[in-house]
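Descriptive analysis of the structure
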Amino acid sequence: AQSVAQPEDQVNVAEGNPLTVKCTYSVSGNPYLFWYVQYPNRGLQFLLKYITGDNLVKGSYGFEAEFNKSQTSFHLKKPSALVSDSALYFCAVRDDSGAGSYQLTFGKGTKLSVIP
Amino acid sequence: ETGVTQTPRHLVMGMTNKKSLKCEQHLGHNAMYWYKQSAKKPLELMFVYSLEERVENNSVPSRFSPECPNSSHLFLHLHTLQPEDSALYLCASSQDGPVEGETQYFGPGTRLLVL
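Note on numbering: residues in each chain are counted from 1, in written sequence order. To label them, take the chains in the order written and letter them from A, then take the ligands in the order written and number them from 1. Owing to the predicted nature of the model, reporting of local features is limited to residues with pLDDT of at least 70; listing and counting of side-chain atom pairs is limited to 80 or more, with chain, interface and lining totals taken over all residues. Side-chain calculation: all heavy atoms of the structure are included, whereas hydrogens and water are not.

Next up on the list: the pairing of strand β9 (residues 73–78) of chain A. Residue and element names in this part refer to chain A. Exposed residues in this analysis have more than 50% of their type's maximum accessible area, buried residues have under 20%, and partly exposed residues fall in between, with area computed by a 1.4 Å probe over protein chains only. Numbering of helices and strands runs from the N terminus, with a helix taken as a DSSP run of H or I at least four residues long and a strand as a DSSP run of E at least two residues long. The buried count for β9 comes to five of six residues, which makes it a mostly enclosed element. Alignment of strand β3 (residues 19–21) against β9, held across three bridges, turns out to be antiparallel. Paired with V21 across the two strands is L76, which belongs to β9. Whether two strands pair comes down to DSSP finding at least two bridges between them. As paired elements, strand β8 (residues 64–68) and β9 share five bridges and run antiparallel to each other. Each residue of the ladder has a partner; that of E64, found in β9, is K77.

Structure representation (structure tokens):
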């Protein structure tokens, strides 16, 4: 079975400060990991994904995420937060072992608030 | 985000009504999905279509009926819904089916309220 956890319901950060949104996962095989962002009354927008290779993945809007196999984590980061980054962020995982079939399992989401 | 469109964006219906949600993808993808997003809960995968064939049905009640007439269009037919079905219904698509590292691209969703 595959699962993903976002331990923080909300993260507050001052504009210009670095931000981190945490994600941990559990899979039987190797993980495919994704980050999505959702603005109010909008659908999910793809930010970045980890498939294989370099543990540091760079994505849209200056976001990056670091895959850490030993800690089973895939935290989302940005060096300098913008007020416009305020949104709901979702981490998602799929297991390459086929145990999860077609399922892309999402976390519950973390609300990021960037304070001017 | 304009790659996947959904209509209507908002829908209010009574429990005895019949309505349909429409999704269209302009990305040339081969797989399409319906998700339900409820407050305080993770996204729930409802249905998956690959090359117009349903490949997954996650124990969804029969009052939800999907239809995929071609690889660009996906419908969700609704009848005799319950108030707890009120949610944001999201459509997504991916290039080569719901496998491995395929990225899913989402539409803006239909906000459904069942009275």
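As a further point, take the confidence of the model for chain B. For chain B, per-residue confidence averages 91 on the pLDDT scale, and 97% of positions sit at 70 or higher. Taking the mean pLDDT of every element in chain B, the minimum, 79, falls on strand β6 (residues 53–57) of chain B and the maximum, 97, on strand β3 (residues 18–25) of chain B. Known as pLDDT, the predictor's confidence for each residue is given on a scale from 0 to 100.

A few words on unusual backbone geometry. All names here are of chain B. In this structure, P8 follows T7 across a cis peptide bond, with omega equal to -10°. Inspection of the secondary structure puts P8 in the loop between β1 (4–7) and β2 (10–13). Of note, the phi angle at L51 is positive, near 50°, even though the residue is not glycine. Residue placement: L51 occurs in the loop between β5 (44–50) and β6. Unlike most non-glycine residues, E52 shows phi in positive territory, near 70°. The exposure class assigned to E52 is partly exposed, which follows from its relative accessible area of 41%.

Often, the extent of an interface is quoted as the loss of accessible area on bringing the components together. In this analysis, two residues are considered to be in contact whenever any of their non-hydrogen atoms come within 4.5 Å of each other. Every contact between the two is made by 21 residues of chain A and, on the other side, 24 residues of chain B. Accessible surface is computed with a 1.4 Å probe, and the buried area is the amount of it that two parts give up when combined, taken over both parts together. Counting the surface lost from both chain A and chain B, the interface buries some 2,000 Å², and carbon and sulfur atoms represent 51% of this. The term polar contact refers here to a pair of N or O atoms within 3.5 Å; inside protein, the definition further demands a hydrogen-donor-capable atom paired with an acceptor-capable atom, and it admits residues adjacent in sequence only when both atoms are side-chain atoms. At the junction of chain A and chain B, the tally comes to four residue pairs in polar contact (both at pLDDT 80 or more). Of all the secondary-structure elements, those providing two or more residues to the side of chain A that touches chain B are β5 (31–38), β6 (44–50) and β10 (87–95) of chain A. The nonpolar class holds Ala, Val, Leu, Ile, Met, Phe, Trp, Tyr, Cys and Pro. Asp, Glu, Lys and Arg form the charged class, and all remaining residues, Gly among them, are polar. A breakdown of the residues in the side of chain A that touches chain B according to their chemical character gives ten nonpolar, seven polar and four charged.

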